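Spelled out from the first residue to the last, the chains are:
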Amino acid sequence: MLLVPPQLSETEATTSSTISVPWENCKFASEDLHPVLIMLRIQAPLHYHPMTAGPRWRICACGNIQQGTSSLHDAEVNSSRYGERKGNRKHPGAYIDKDGEARTFDRKKISRKRGGAMRGRGWKYGSGFVDGVFPVLSPMAQDILELVQKGTDAAKVWEALDSVPPTHALWDDVLNVAVQLRLSRQWDPVISVCEWIVHRSSFRPDVVCYNLLIDAYGRRRRLGKAEAMYAALLEARCVPTEDTYALLLRAYCNAGSLHRAEGVISEMREHGIPPSATVYNAYLDGLLKARCSEKAVEVYERMKRERCRTNTETYTLMINVYGKSKQPMSAMKVFKEMQSLGCKANICTYTALVNAFAREGLCEKAEEMFEEMQQAGHEPDVYAYNALMEAYSRAGFPQAASEIFSLMQHMGCEPDRASYNILVDAYGRAGLHREAEAVFESLKRQGMAPTMKSHMLLLAAHARSGNVARCEEVMAQLHKSGLAPDTFALNAMLNAYGRAGRLGDMERLLAAMERRGTSDVGTYNVAVNAYGRAGYLERMEAAFASLERRDLAADVVTWTSRMGAYARKKEYRRCLEIFEEMVDAGCYPDAGTAKVLVAACSDERQVEQVTAIVRSMHKEAKTLFTI
């Protein structure tokens, strides 16, 4: 419900005024404005001609403290005409349909489709816009957006918004700004604007406002705040929408609170609301991002048991789940199931399938799906090209990845930062560090700032070639760019020291990582492998024992590296003992493990024994998930 200030008389409402409010200690992009001279100027025509655009309240930073008032010719309309026009709005519109029948329509709904009011409407989940229409910002909304994006703190934003008299136009403008901020993933400004509506404005917040806050707090992993907004929504007697539950589910998954996510589903059932595909898709999306693959498959099976109507988004999400779990054939089964049910795949579905094969370096299958995507009438975009490049990179064909990069440019599709990163990685994996360096420099020439991942991939490329000096230069360049090296970059540097035999430098870096708490399983995998290659078995066992002390579980790489140290010394029995420990720990061996066991053999009898073990492993091999 909109509250209009009662103190405005009809005479006052037909004049234009300019309000100047001092605004100290405010930081703007332009530093040449003196803080004392910065004012908040609000031009406020409170009445307008019915045939012209609505009133504009313009908020801007101005260096001139002398503000003049001006009269507007569109305020010359008499109040009776305005009242008559306003009264006519209450009546529904009428028209004659194609069959000659007289029908009526809701004027508000028609205007909404053209970018009108959003109050009480909600927005399509996952898209960031309302009813499939992007918000159209008025001049006033544009001013508010610019003000919020200048980095001003919440108190200053609230102060500015407090100065604008509440009108229907202001409600739409503020909410349009919040949705626009959501589109650009600026969560803190979304919170600032929507909290003003809830706590400071005279407007009554609706479900859209609460949904925006639940979404923003969920993205920031502030579950307490997200739950508080849901409770406030219920206390305000707003009816939760599917989007409300979907956003809560994603917030819980994002924070790893899966038991609370299940509670959301239970609460929906208690209120007699069966979860729809929108809600389940949000759940799957959250589980995918949280890398909870087994739970995602369980939810997908539940959807089918409950006969919940799946859609293209559902299948695309499940293809991504299996793809990231390194089960491309299971992803293909989902795709075939989708086709059998007559559900049409979109370009995202095909890209997810190409990615599933790309992660395993299955070039031929990735190419096949890429061609099928084009045959289905979908023009490849940068994400599809990147997925195909990734397939060649993982398979060890950097020249093929380079050809796809050139093809993308030839077809008028501009490569993005990820395209350059994939090409750096492709050359780095093949040991072509000079080519990787050239692509990295090309990225900078294109005006794109290298990210942490860009530096990390270049670092890994030089580490593989044993160029420790260049690795140290890349680390220095990383610090110079204002980027703090993450665990992946530090692991790459650790690996460079280990490969070069500079174990003293490796140990110093490892100790620093342990003090900062940035070490992970990959860190100790590098250490175990480096000590094993150097023949320092006691140090290797100490590094392996460090995993347990830090509550980290050894993976297949850790176990295989440990076995490899003893295999080099032909200690066959010790390798079998470690193999048994590995299986007892619930870690499943891979092809690399089998190679290490064979390398430990010193006679035909041992080779036969290892062959029997490998065959039994192959027979018992099962996919992690079943469909």
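Higher on the page you've got the structure.
Residues numbered from 1 in each chain as written. Predicted model: local features only at pLDDT ≥ 70, side-chain atom pairs only at ≥ 80, totals over all residues. Heavy atoms only, no water.

1. Comments concerning the packing of helix 7 (residues 207–219) against helix 8 (residues 223–235)
- Running from amino to carboxyl end, helix 7 crosses helix 8 at an angle of 165 degrees, the nearest separation of the two axes being 8 Å. The orientation of helix 7 with respect to helix 8, classified from their angle, is roughly antiparallel. Between helix 7 and helix 8 lies a crossing whose hand is left-handed. Residue-level contacts link V207, Y210, N211, L213, I214, Y217 and G218 of helix 7 to K225, A226, M229, Y230, A232 and L233 of helix 8. (Axes fitted to C-alpha atoms, helices over the stretch in contact; angles between N-to-C directions. Helix = DSSP H or I, 4+ residues; strand = E, 2+ residues; numbered from the N terminus. Parallel < 35°, antiparallel > 145°, perpendicular 65-115°, else oblique. Left-handed = near helix turned anticlockwise from the far one by under 90°. Contact = heavy atoms within 4.5 Å.)

2. Quick word on the environment of L494
- In this structure, L494 sits in helix 23 (residues 487–499).
- Judged by relative accessible area, which is 0%, L494 ranks as buried.
- In this structure, the C-alpha to C-alpha distance between L494 and L509, residues 15 residues apart in sequence, is 6.9 Å.
- Not counting residues within four places of it along the chain, the set of residues in contact with L494 comprises M506, L509, L510, T523 and V526. (Buried < 20%, exposed > 50% of the residue type's maximum accessible area, 1.4 Å probe, protein only.)

3. Regarding the pattern of salt bridges
- Under the defined criterion, the tally for this structure stands at 30 salt bridges.
- A salt bridge links K295 to E262; its shortest N-O distance comes to 3.2 Å. Of this pair, K295 sits in helix 12 (residues 293–305) while E262 is found in helix 10 (residues 258–270), placing the two residues 33 residues apart along the sequence.
- Residue classification places K295 among the buried positions, given a relative accessible area of 18%.
- A salt bridge links E298 to K295; the shortest N-O distance between them is 3.1 Å. Taken together, the residues E298 and K295, both in helix 12 and three residues apart, mark about one turn of the helix.
- A single salt-bridge network, built from bridges that share partners, covers E541, R562, R574, E577 and E581. (Salt bridge = Lys/Arg side-chain N within 4 Å of Asp/Glu carboxyl O.)

4. What about a positive patch on the surface?
- Side chains of R464, R499, R533 and R568 sit close together on the surface and give a patch of like positive charge.
- Examined against the element boundaries, R499 turns out to sit in helix 23.
- On the accessibility criterion, R499 (55% relative accessible area) is exposed. (Patch = residues over 30% accessible without salt bridge, like charges linked within 9 Å, V, L, I, M, F, W, Y side chains within 5 Å. Areas by Shrake-Rupley, 256 points an atom, 1.4 Å probe, with all protein chains shown as cover. Lys, Arg positive; Asp, Glu negative; His and termini not counted. Charge placed at Lys NZ, Arg CZ, Asp CG, Glu CD.)

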